Amino acid sequence: MEEPRIGVYVCWCGTNISKMVDVEAVTNEVKALPNVTIAKNYKYMCSDPGQDLIIKDIKLHNLNRVVVAACSPRIHELTFRTACEKAGINPYLFEMANVREQDSWVHTDRTEATNKAIDLVVAAIRRVRYHEPLQKRFVNVNPATLIIGGGISGLTAALEIANAGKQVYLVEKSDQLGGQVKKFDLTFPHLSSAQQMIRPIVQRVDNHPNISVFLETEIREVTGYIGNFKTAISVNGGDPVELEFGNIIAAVGLKPFNPEVISEYNYKEFPDVITSFEFEEKLLAGRILTVYGKEPRNVAIIHCVGSRNKKYHEYCSRVCCMAALKYVHQVRAALPSANIFEIYADMRAYGKGHEEFYALTTHRQIMFLMYDQQKKLPVINQADRSDNCNMIIEMDELLSGQSIEVPVDMVILMVNMEAQENVKQVVRAIGVSLCGNQFFIEKHPKLDPVATTTGGVYIIGTCQGPKDIPDSVAQARAAAARILGAIAQGSVPIEVTTASVNELLCCGCQTCIGVCPYKAISYDENNKVSIVNEILCKGCGTCGSACPAGAIISKHFTDLQILSEIEGVMSMS
Amino acid sequence: MDFRPKIVAFLCNWCAYTGADLAGTSRIHYAPNIRIIRIMCSGRIEPTFILKAFQQGADGVLVCGCHPGDCHYQEGNYKCLRRFKLLQKFTRQMGIEKDRLRLEWISASEGKQFAELVNDMTKTLLSMGPSKVKSSLEVEHLNV
């Protein structure tokens, strides 16, 4: 290894760092350390002049390592790696010390914060000495895409990709395309027909030359990696068909919450207590009738059924408030003289045109009644003969502070959206993770909401979290754009900080094979050693810590690098 | 001089390190005696790293990963937990008190919890006094 020549740069970040950390003192403290060729500080290292400073120094002083003490590496590591690359040194010969998020912003004693900054910079200097150049790697992308789920999200993504001339395999577990939208009569807030919207989409997908549809089919196992996946599906119980594709979109949708578990609502007990999905069936059939074949004189719509309640689901399903208001318009149109009660916990009208829709609904002669979901749910009871109605809802009305009884003949429960039952099977097959609510976890909640941490696997629609049709469609088109981008490039970069095996040290115990979550390690029978498939490896490093022989190298997180960092943070005390 | 306990912390990149960053962006203040080392996954943590930190004079070592079920690499945190339990038995036999070595789950949204954790651990270590690992190693070294 050539002698390290390290350039150290301490960022002021305006006053963000310099106010709490004495950047001059940090610079002076590390200047004379072994292998430090040059140490400087500057107002904004991430700015163009800041980066130019590094680039010029690399060339002028023949630097072969760079340390920047600034914000979190999660923010600007890539910026400085790119600067290193521009100056002709490998981007991995760089290390960052986090002296803003984890120092100047969280401490109040300038001396303590400065001492901490010194420790962190020393650690980065010690670590970077052992950094090794890593080469970017690419794999080719198979231009076909697998889409799991034939609802509005899956269909939209399929058309987007197929219209660009690329092959799509669309797999749907039920016997028809169209998903939940196909079960709806109207959509909110424009009260336009869901059927007129979804049917032509299904037709276009069915007739598209670039889309192969597989109904009543489930994906059990997917092998391979970004750009090169494989699965075997059996169609109509026949011989398995092998499919090969470069990218995957999961669009497995949602399941309505079953309100049977909420005893207050007596859902199974009373046949005229129905879910919003069952009410859509009545609307599609064109008649709103009770189980007795009569038009209800009193209709109640209860919000947040199974939502925003720790006993069931803590999260908000986002669409039910507007769907409930949609029903007000539909009931009012069908039953001009009926009493309509909106029994809500909170009214959420956050979307485009939603608040206006809410305002419009208040002119439809309905009664809004509020309940406190955290204290007491409304209770649906059987009415007495003399009550002249089918059921009575007992509730504590929050705004008036009164305990009231509401006469009803039909109750619509606005049920929560929950994850599909087979979601775990899908998750296992495509190698992604679920959050606590069983929704798929996106790569970044704000900046990368349709990608996952598994390369080439995207998540769209309600399997990522409750959402309405426009949001589902937007995600579908976003994922399609990402995939078409990768296909257009022809190849995609893959993780370089992977594991590798030093075959001279490997004793062939295969411990690493058992701990790898990605099946990236296999056993070479001829040489009696483990080998890492560096395309499958995601670089978690768990094999490295399990290897009893110390034969596995976790690139960029080697034992030597981490141990040097530990020595570094402790060296000044 | 007053005793200032030094904590070496190993934080996984995806949850705990991000949570610690969030404490920063939220300007939640905590004790300045912690030194954070970033690793990709808590599953990468080797006993050697922890022992090295004690050997170098750390008064406490903190390991933080994603909450169970939330691991970015599916199950690295469970592997970390298993190894940790085993290691803790060993470190206690070495005379390192249990509270000097902690494993906690911190999600990317738990900046506040991270700050509270650091303060809590600092408080415990203050009451315990300095770790004797480093000095005892130095004595043994002299005897050789």
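It should be emphasised that the depicted structure is a prediction, and the values quoted were computed from it without experimental measurement.

Asks: How should I be thinking about the overall build of chain B in this particular structure?
Replies: Across its full length, chain B carries 5 helices and 4 strands. For chain B, the sequential pattern of α-helices and β-strands runs β-α-β-α-β-α-β-α-α. What you see for chain B is a C-alpha radius of gyration of 15 Å, in line with the 15 Å of a compact globule of 144 residues. A principal-axis box enclosing the C-alpha atoms of chain B has dimensions of 50 × 35 × 20 Å. Among the 144 residues that make up chain B, the fraction classed as buried is 56%. Taking the contacts inside chain B whose residues are at least 6 apart along the sequence as the reference set, 80% of them involve residues at least 24 apart. Total accessible area computed for chain B in this model is approximately 6500 Å², and 55% of it derives from carbon and sulfur atoms. In chain B, 20 side chains carry a positive charge and 14 a negative one; their mean positions are 2 Å apart.

Asks: Mind showing me how you'd approach the interface of chain A and chain B here?
Replies: Where interface size is quoted, it is often the accessible area lost as the parts come together. Opposite the 44 residues of chain A that make contact, chain B presents 46 residues. Taken as a group, A:Gln102, A:Trp105 and A:Met570 account for 15% of the area that chain A buries against chain B, more than any other trio of residues on that side. In this structure, the connection of chain A to chain B is made through 7 salt bridges. Here chain A and chain B share 23 residue pairs in polar contact (both at pLDDT 80 or more) between them. Those elements giving two or more residues to the side of chain A that touches chain B turn out to be helix H3 (73-86), helix H4 (100-104), helix H5 (110-128), helix H14 (542-546) and helix H15 (559-570) of chain A. The biggest single contributor to the side of chain A that touches chain B is H15(A), with 8 residues. Of the residues contributing to the side of chain A that touches chain B, the split by class is 16 nonpolar, 18 polar and 10 charged.

Asks: How should I be thinking about the side chain of A:Glu101 in this particular structure?
Replies: Secondary-structure assignment places A:Glu101 in helix H4. Since its relative accessible area comes to 1%, A:Glu101 is described here as buried. Here the side chain of A:Glu101 touches A:Arg100 through a polar contact of 2.8 Å, side chain to side chain. With near-sequence residues (within four places) excluded, A:Glu101 lies in contact with A:Cys71, A:Ser72, A:Ile75, A:Val106, B:Ala20, B:Asp21, B:Gly24 and B:Thr25.

Asks: Quick question: what am I supposed to make of the state of the cysteines here?
Replies: Among covalent bonds in proteins, the disulfide is the one between the sulfur atoms of two cysteines. Residue and element names in this part refer to chain B. For the coordinates displayed, the defined rule picks out 1 disulfide over all chains. Here Cys15 engages in a disulfide with Cys66; their sulfurs sit 2.5 Å apart. Here the disulfide of Cys15 and Cys66 is right-handed, its torsion about the S-S bond being about 100°. Remark: Cys66 occurs in the loop between strand E3 (60-65) and helix H3 (76-93) and Cys15 occurs in the loop between strand E1 (7-12) and helix H1 (16-25); sequence separation between them is 51 residues. Pair check on accessibility: Cys15 and Cys66 agree, each one buried.

Asks: What is the right way to read the packing of helix H9 (residues 320-334) of chain A against helix H10 (residues 354-361) of chain A from this model?
Replies: Geometry of a packed helix pair, given as the angle between the helix axes and the separation of the axes. All names here are of chain A. Viewed as axis vectors pointing N to C, H9 and H10 meet at an angle of 35°, and their least axial separation amounts to 10 Å. Seen from above, H9 lies across H10 with left-handed handedness. Each of Met322, Leu325, Lys326, Val328 and His329 in H9 lies in contact with H10, whose residues at this interface are His354, Phe357, Tyr358, Leu360 and Thr361. Looking at the contact of H9 with H10 residue by residue, the class counts come to 6 nonpolar, 3 polar and 1 charged.

Asks: What should I look at first to understand the sheet that holds strand E10 (residues 228-234) of chain A in this one?
Replies: Strand pairing in a sheet relies on backbone hydrogen bonds, with the paired strands running either antiparallel or parallel. Residue and element names in this part refer to chain A. Spatially, E9-E10-E11 is the arrangement adopted by the 3 strands of the open sheet, whose pairing is antiparallel. Two strands close off the open sheet at either side, each with one partner strand: strand E9 (222-225) and strand E11 (240-245). Adjacent strand axes in the sheet meet at a mean angle of 15° when their direction is disregarded. With 6 bridges joining them, E10 and E11 adopt antiparallel strand pairing. Considered in E11, the bridge of Thr231 is made with Leu243.

Asks: Can you walk me through a negative patch on the surface in this structure?
Replies: Residue and element names in this part refer to chain A. A cluster of acidic residues, Asp384, Asp387, Glu394 and Glu405, forms a negative patch at the surface. Along the chain, the position of Glu394 falls in strand E19 (residues 391-397). The exposure class of Glu394 is partly exposed, given its relative accessible area of 33%.

Asks: I would appreciate a short explanation of the packing of aromatic side chains in the present structure.
Replies: The description of two aromatic rings rests on the distance between their centres and on the angle between their planes. Evaluated as defined, the whole model comprises 12 aromatic pairs over all chains. An angle of 25° between the planes, with centres 6.1 Å apart, marks the rings of A:Phe229 and A:Phe245 as stacked. Highlighted residues: A:Phe229 in strand E10 and A:Phe245 in strand E11, separated in sequence by 16 residues. On the basis of relative accessibility, which here comes to 6%, the residue A:Phe229 falls in the buried class. Both rings, one in B:Tyr30 and one in B:Phe114, keep their centres 5.6 Å apart while their planes meet at 90°; by these two values the pair is edge-to-face. A residue pair is termed long-range when its members are at least 10 positions apart, and B:Tyr30 in the loop between H1 and strand E2 (34-39) and B:Phe114 in helix H4 (residues 111-128) qualify at 84 residues. Grouping residues by exposure puts B:Tyr30 and B:Phe114 together as buried. Through a chain of ring-to-ring contacts, the aromatic side chains of A:Tyr344, A:Tyr358 and A:Phe368 assemble into a single cluster. For A:Arg127, the ring lying beneath its charged end belongs to A:Phe557, and the centroid distance is 5.0 Å.

Asks: How do you make sense of the pattern of salt bridges when you look at a structure like this?
Replies: Here the idea is simple: oppositely charged side chains can pair when their charged atoms come close. Residues and elements named next belong to chain A. Applying the stated criterion to the full structure yields 31 salt bridges over all chains. Linking Asp57 and Lys40 is a salt bridge whose minimum nitrogen-to-oxygen distance equals 2.9 Å. Placement of the pair is Asp57 in helix H2 (residues 48-60) and Lys40 in strand E2 (residues 36-42), with a sequence separation of 17 residues. Residue Asp57 is classed as buried on the basis of its relative accessible area, which comes to 4%. For Lys40, a relative accessible area of 25% translates into the label partly exposed. Two residues, Lys136 and Glu85, come together in a salt bridge whose shortest N-O distance is 3.5 Å.

Asks: I would appreciate a short explanation of the environment of A:Leu335 in the present structure.
Replies: All names here are of chain A. Examined against the element boundaries, Leu335 turns out to sit in the loop between H9 and strand E16 (339-344). Separated by 16 residues in sequence, Leu335 and Val319 have C-alpha atoms that sit 24 Å apart. In contact with Leu335, other than residues within four places in its own chain, are Ile288, Glu295, Pro296 and Val299.

Asks: For this particular structure, what's the right way to read helix H11 (residues 423-430) of chain A?
Replies: An α-helical turn contains 3.6 residues, so a residue and the one three or four places further along point in the same direction. Residue and element names in this part refer to chain A. The element H11 is largely enclosed, with a buried count of 6 among its 8 residues. For H11, the full list of buried residues reads Val423, Gln425, Val426, Val427, Ala429 and Ile430. Looking at the buried side of H11, the elements it contacts are strand E6 (145-148), E9, strand E12 (247-250), strand E22 (417-419) and strand E23 (457-459). Downstream of H11 by one or two residues, Gly431 has phi in the positive range, about 70°.

Here is what the cut-offs are and how they apply
Residues numbered from 1 in each chain as written. Chains lettered and ligands numbered in written order. Predicted model: local features only at pLDDT ≥ 70, side-chain atom pairs only at ≥ 80, totals over all residues. Heavy atoms only, no water. Helix = DSSP H or I, 4+ residues; strand = E, 2+ residues; numbered from the N terminus. Rg over C-alpha atoms; globule rule 2.2 N^0.38 Å. Buried < 20%, exposed > 50% of the residue type's maximum accessible area, 1.4 Å probe, protein only. Contact = heavy atoms within 4.5 Å. Areas by Shrake-Rupley, 256 points an atom, 1.4 Å probe, with all protein chains shown as cover. Lys, Arg positive; Asp, Glu negative; His and termini not counted. Charge placed at Lys NZ, Arg CZ, Asp CG, Glu CD. Buried area = accessible area lost by both parts, 1.4 Å probe. Salt bridge = Lys/Arg side-chain N within 4 Å of Asp/Glu carboxyl O. Polar contact = N/O pair within 3.5 Å; in protein donor to acceptor, adjacent residues only side chain to side chain. Nonpolar A, V, L, I, M, F, W, Y, C, P; charged D, E, K, R; others polar. Disulfide = S-S within 2.5 Å. Axes fitted to C-alpha atoms, helices over the stretch in contact; angles between N-to-C directions. Left-handed = near helix turned anticlockwise from the far one by under 90°. Pairing = 2+ DSSP bridges. Patch = residues over 30% accessible without salt bridge, like charges linked within 9 Å, V, L, I, M, F, W, Y side chains within 5 Å. Phe/Tyr/Trp six-rings, centres within 6.5 Å; stacked < 30°, edge-to-face > 60°. Lys NZ or Arg CZ within 6 Å of the ring centre and 35° of its normal.

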